[in-house]
Amino acid sequence: MQNKFFMSLVFLLIPLIASADELDTGDTAWMLVATAMVMLMTPAGLALFYGGMTRSKNVLNTMGMSLIAFSVGTLVWVLAGYSIAFGEGDFFGTGKVLLAGITDKSLVGTVPELLFVAFQGTFAAIAVAIASGSMIERVKFSTFAIFVAFWILAVYAPVAHWAWGGGTTLNFGEMDFAGGTVVHINAGVAGFVVAMILGKRKGYGTSAMKPFAPILAVLGAALLWFGWFGFNAGSEVAADGIAGNAFLITNVAAALGVIGWLVAEYIVFKTPTLIGGASGAVAGLVAITPASGSAGITGALVIGFIGGIIGFLGVFKFKKMFKVDDSLDAFWVHGLVGIWGSLATAIFIAPYFTASDYSMFTQLGAQAKAIALTIVYSAVVTAIVFYIASALTGGGRVDEETEQQGLDETIHGETAINL
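Calculation criteria
Residues numbered from 1 in each chain as written. Predicted model: local features only at pLDDT ≥ 70, side-chain atom pairs only at ≥ 80, totals over all residues. Heavy atoms only, no water. Salt bridge = Lys/Arg side-chain N within 4 Å of Asp/Glu carboxyl O. Buried < 20%, exposed > 50% of the residue type's maximum accessible area, 1.4 Å probe, protein only. Helix = DSSP H or I, 4+ residues; strand = E, 2+ residues; numbered from the N terminus. Expected span 1.5 Å × (residues − 1). Bend = angle between axes of the 7 residues up to and from the residue.

Undergrad: Help me understand the pattern of salt bridges, please; the structure alone is not making it clear to me.
TA: Close approach of charged atoms allows side chains of opposite charge to pair. In total, this model carries seven salt bridges according to the counting rule given. Asp-104 serves as the salt-bridge partner of Lys-105, at 3.1 Å between the closest nitrogen and oxygen. Using a relative accessible area of 56% as the deciding quantity, one classes Asp-104 as exposed. For Arg-201, the salt bridge is made with Glu-137, and the minimal N-O distance between the two is 2.6 Å. Of this pair, Arg-201 sits in the loop between α6 (180-198) and α7 (214-233) while Glu-137 sits in the loop between α4 (113-132) and α5 (141-165), placing them 64 residues apart in sequence. With a relative accessible area of 9%, Arg-201 lands in the buried category. One continuous salt-bridge network, built from bridges that share partners, spans Arg-55, Glu-137, Arg-201 and Asp-325.

Rendered as structure tokens:
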């Protein structure tokens, strides 16, 4: 009788036990869509955003850097990047080179691990593409292509491992839901370091460097805004209430980023520009990224609005103080605003996400430690990686004649528009 009771209990519990590791088709469907949305951000959204803001003679080269970042980034991610980021290990992950051991039955939560690999790979690609904005119009295309591969393996993947992949020694308990430190601070610092190494563009500070097509920059920002829903809400890796919360506050913060930037721009220059509005949207999106899984509507309003103002001040005030030719302001819009967003994550937590023993000051300390680690590690290793890539290509900067004529025709044999 006891055996029959025990067997009946086991059979009753089997569905509950299995459900913990079962594929959920709803979650999987959402993650397929989210991955495609984030993919669109790099070779389309960021390419148009950056391409519209560069000079006409370098548009294709600038857009091409986003394309090659996604292509080379995807290759190295499946070869070894995913293993370093999400394999077993403390400082660096191992054991999943060439996705070893991962099958169509492997799961991360309730979605296929192969899909999770693809989703996380889009993050690695856009991170290094963001960094390209600091070095455009003077870096060799070949140097950048090699830099992409080395940077993802040596910089991006380890930082992702410490924050998300199971590394414990360098995980300080930071809250980074979708990539405040891993993507934005990391990429912003990397771009700034490479810009310092390359030096200023010819005519920087003395010649007008007007954007090729503001209309393309606005379109690119709109595509980034759209893709960011997958970026943030997809980071829950489930179709649930937290994903819904992330979706809503991502939209609110982006809108407030536009308003914050334009208000600051109008106060200073009396002219609210469309490129300013587009940049404000990106700043708002960057700011909310680490908090998108924990902030509520009030947090989104404040984080986004201040993010837009900080982005504006970075581009038009702080940049002049540092005198580094960060071509498209990758550090100021992603790095600086990312620092604000990461710190704000500890401050603006929705009541329904706050634990009873939560300490804002303790969490601020954890956020500050993670920010400092990311800045120092990214700066040092990025410099090493770029010097290696430069050595392999006979120097990282194009010659003066190529720079003067423009990289589109001299390197690619094309022009953005043939009239």
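That was the structure; now back to the text.
Undergrad: Sorry if this is basic, but what is going on with unusual backbone geometry here?
TA: It is generally the case that most residues other than glycine have a negative phi and that most peptide bonds are trans. The phi torsion at Glu-137 lies on the positive side, around 75°, for a residue other than glycine. Taking relative accessible area as the criterion, Glu-137 reaches 1% and is therefore assigned buried. A positive phi angle, near 65°, is found at Asp-329, a position not held by glycine. Among the residues examined, Asp-329 registers a relative accessible area of 14% and is labelled buried.

Undergrad: Teacher, can you tell me more about α7 here?
TA: With 20 residues, α7 extends 29 Å from end C-alpha to end C-alpha; this agrees with the ideal 28 Å at 1.5 Å per step. The principal kink in α7, of about 30°, is found at Gly-227. Among the residues of α7, those classed as buried are Ala-217, Gly-220, Ala-221, Leu-224, Gly-227, Trp-228, Phe-229, Gly-230, Phe-231, Asn-232 and Ala-233.

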